[in-house]
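# Residue-level structure breakdown
So you can see what is in the structure, the chains are spelled out below.
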Amino acid sequence: MPNIRVLRDIKARNGVRANEIARRAYLYVARNQTLPAPVRFQAQLQLNTFTRYTRPTTVKNRCHETGRGRGIMSEFALCRFQFRLKALRGELNGVHKASW
């Protein structure tokens, strides 16, 4: 069963994916210096109505096995310890212990 951090991150990823286009459009309008100030202000107000979980900065890489947020191998979405365990068991294709 995933812990609350993993569930929160999944919720954030879904929110970002669902609202990405609208957020980018409002952000473009709000930062465009050539537009009149009232239009930019309205775009900023619309940006402020989005929830916390629609911001891309709330998404954090986490281990899919344990939910750990540090030491993540992004290609495998595993923390370093789980990566090592799975690699030693031979569960990761193309990964094996180095020897020379």
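Structure first, text after, so check above.
Here goes a summary of the coordinates provided. Worth saying up front: this structure is predicted, and the values here are computed from it rather than measured.

Rules of the game
- Residues numbered from 1 in each chain as written.
- Predicted model: local features only at pLDDT ≥ 70, side-chain atom pairs only at ≥ 80, totals over all residues.
- Heavy atoms only, no water.
- Helix = DSSP H or I, 4+ residues; strand = E, 2+ residues; numbered from the N terminus.
- Rg over C-alpha atoms; globule rule 2.2 N^0.38 Å.
- Buried < 20%, exposed > 50% of the residue type's maximum accessible area, 1.4 Å probe, protein only.
- Contact = heavy atoms within 4.5 Å.
- Areas by Shrake-Rupley, 256 points an atom, 1.4 Å probe, with all protein chains shown as cover.
- Lys, Arg positive; Asp, Glu negative; His and termini not counted.
- Charge placed at Lys NZ, Arg CZ, Asp CG, Glu CD.
- Phe/Tyr/Trp six-rings, centres within 6.5 Å; stacked < 30°, edge-to-face > 60°.
- Core = buried A, V, L, I, M, F, W, Y, C linked by side-chain atoms within 4.5 Å.

### Topic: the overall build of the chain
Counting its regular elements, the chain contains three helices and two strands. N-terminal to C-terminal, the α/β element order of the chain is α-α-β-β-α. Here the chain has a C-alpha radius of gyration of 20 Å; the compact-globule value for 100 residues is 13 Å, and the former is much larger. C-alpha extents for the chain along the principal axes are approximately 65 × 35 × 20 Å. The burial tally for the chain puts 25% of its 100 residues in the buried class. Contacts spanning at least 24 positions in sequence make up 39% of the contacts within the chain whose residues lie at least 6 apart. Counting every atom, the chain has about 8000 Å² of accessible surface; 54% of that belongs to carbon and sulfur. The distance from the centre of the 20 positive side-chain charges to the centre of the 5 negative ones in the chain is 10 Å.

### Section: the packing of aromatic side chains
Following the criterion strictly, the structure yields two aromatic pairs and no others. Between tyrosine 26 and phenylalanine 50, the aromatic rings sit 6.2 Å apart at their centres with planes inclined by 55°, giving tilted as the arrangement. In this pair, tyrosine 26 sits in helix 1 (residues 4-31) while phenylalanine 50 sits in the loop between helix 2 (37-49) and strand 1 (72-73), placing the two residues 24 residues apart along the sequence. For phenylalanine 50, a relative accessible area of 18% gives the class buried. Between phenylalanine 76 and phenylalanine 83, the ring centres sit 5.1 Å apart and the planes meet at 50°, which makes this aromatic pair tilted.

### Some details on the nonpolar core
One finds Cys63, Leu78, Cys79, Phe83, Ala87 and Leu92 forming the largest nonpolar core, which totals six residues. Going through the elements one at a time, strand 2 (78-79) and helix 3 (80-89) are the ones with two or more residues in this core. Residues contacting cysteine 63, with those up to four places away along its chain left out, are Val6, Arg68, Ile72, Ala77, Leu78, Cys79 and Gln82.

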